[in-house]
Amino acid sequence: MSIQNFEFYNPTRIVFGQNTIEKLNSLIPKNAKVLITIGGGSVRKNGTLAEVQKALDGRHVEIFEGIEANPIFETLMKAVEKIRQENFDFILGVGGGSVMDGTKFIAGAVHCKDDPWKLVLDGGKDIQQIVPFGFVLTLPATGSEMNSNAVISRKTTEDKLPIKNELLYPIFSILDPTKTFSLPKKQVANGIIDAFVHTTEQYLTYPVNGSIQDRFAEGILLTLIEEGPKTYNNPEDYESRANFVWAATMALNGLIAAGVPEDWATHMIGHELTILYGLDHGQTLAIVLPSLLEEMRQDKREKLLQYGKRVWGLTGYSDEKIIDEAISKTREFFESFGVKTYLHDYDIDNNAAEKVIEQLKRHHMTALGERKNITPDVSYRIVQASL
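Below is a short write-up of the structure. (Residues numbered from 1 in each chain as written. Predicted model: local features only at pLDDT ≥ 70, side-chain atom pairs only at ≥ 80, totals over all residues. Heavy atoms only, no water.)

## Things to note about the packing of helix α11 (residues 281-295) against helix α15 (residues 376-385)
Following both chains from N to C, one finds α11 and α15 inclined at 125°, their axes separated by 8 Å at the closest point. The angle between α11 and α15 places the two elements in the oblique class. Of the two elements, α11 crosses α15, and the hand of that crossing is right-handed. Touching Val288, Ser291, Leu292 and Glu295 of α11 are Val378, Arg381, Ile382 and Ala385, all from α15. Per-class residue counts for the contact of α11 with α15 are 5 nonpolar, 1 polar and 2 charged. (Axes fitted to C-alpha atoms, helices over the stretch in contact; angles between N-to-C directions. Helix = DSSP H or I, 4+ residues; strand = E, 2+ residues; numbered from the N terminus. Parallel < 35°, antiparallel > 145°, perpendicular 65-115°, else oblique. Left-handed = near helix turned anticlockwise from the far one by under 90°. Contact = heavy atoms within 4.5 Å. Nonpolar A, V, L, I, M, F, W, Y, C, P; charged D, E, K, R; others polar.)

Set out below in structure tokens:
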């Protein structure tokens, strides 16, 4: 098969490196009325917020605090109303993926004349106008700092759904690796896994002779395998943390997806586990991916062999042994960061598969994967194997 036709577009300016927060002064208009969005307050404690405020000196700046680890619609709507009532004209998200995703929804919902939840139900395609926004990254994981995607939750209806729209690219993102040094190890582990699985969702499908995309993806995976343990164990090793930060950004900015098939079933199943059981996003990916690869090993056979040989260096074995070992090494890699890869490790009951399938059906996710052949029955087997 040949590489697929594609269009690649990414307008986000990346400002990378130490002491780059001061550049906010030139990135945001002097007369802007800025709403800073943050999460639970860690950016206050580590001094990042104060540094941001100093860089924005002279502008009208206010803070909206409290965006959750999985951004909740009802919380985000409070920020939407504040912007509508007080006429903010720029939003600056300071935080990790949840703050960035939440900020994207806020930016797209302000001018919505209808029920903003419909924007989520429609996958974001009906967003017509946004409030301009940019980011200061403090947690590498989601790649939201350089893409047009977001995931929004609504606990009252047990929904966790993705949105995507070209208007949701940030104008800029500041990536200062030193601003991630104070992260708890658990968040670093989740971030490494998230970036790893973002890459496999675009790489472990079927071959279309996308040589550049394959080599880029393998480079990201190898970087995470090499630098992940270093930055996990030595958070203030600037070189390792910088490589991790950039790998997480490159994993989901559209580059390695250009012209190749994509899967995303691991993420869709994982979203349901998060909304049902409150598991971290990274934990759900570590649980689902090994079971999915085993279930779909024939569909993914050629790329699994390539993955085993090029990424894990497996040679001198039978093809089946290479696939076995590649899946096993993937699980071991996740476990090396203290992230368990079975649902029973989190005291999840044996009814999880039934509950997840009900959710997938309700969300019309009944034909997942790069070949659209991960039916509810297949998803059931994947979750069952994850117990």
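## Here we look at the packing of aromatic side chains
Scanning all chains against the criterion turns up 14 aromatic pairs. Ring centres 5.7 Å apart and planes at 90° place the aromatic pair Phe196 and Phe334 in the edge-to-face group. Placement of the pair is Phe196 in helix α7 (residues 185-203) and Phe334 in helix α13 (residues 319-335), with a sequence separation of 138 residues. Relative to Phe334, the ring of Phe333 has its centre 6.2 Å away and its plane inclined at 50°; by these criteria the two rings are tilted. Residue class for Phe333 comes out buried when judged on its relative accessible area of 6%. Ring pairing ties together the aromatic residues Phe196, Tyr203, Tyr232, Tyr307, Trp312, Phe333, Phe334 and Phe337, which thus form one cluster. It is Arg154 that lies over the ring of Trp117; its NZ or CZ is 5.1 Å from the centre. (Phe/Tyr/Trp six-rings, centres within 6.5 Å; stacked < 30°, edge-to-face > 60°. Buried < 20%, exposed > 50% of the residue type's maximum accessible area, 1.4 Å probe, protein only. Lys NZ or Arg CZ within 6 Å of the ring centre and 35° of its normal.)

Nothing here speaks to function; it is geometry throughout.
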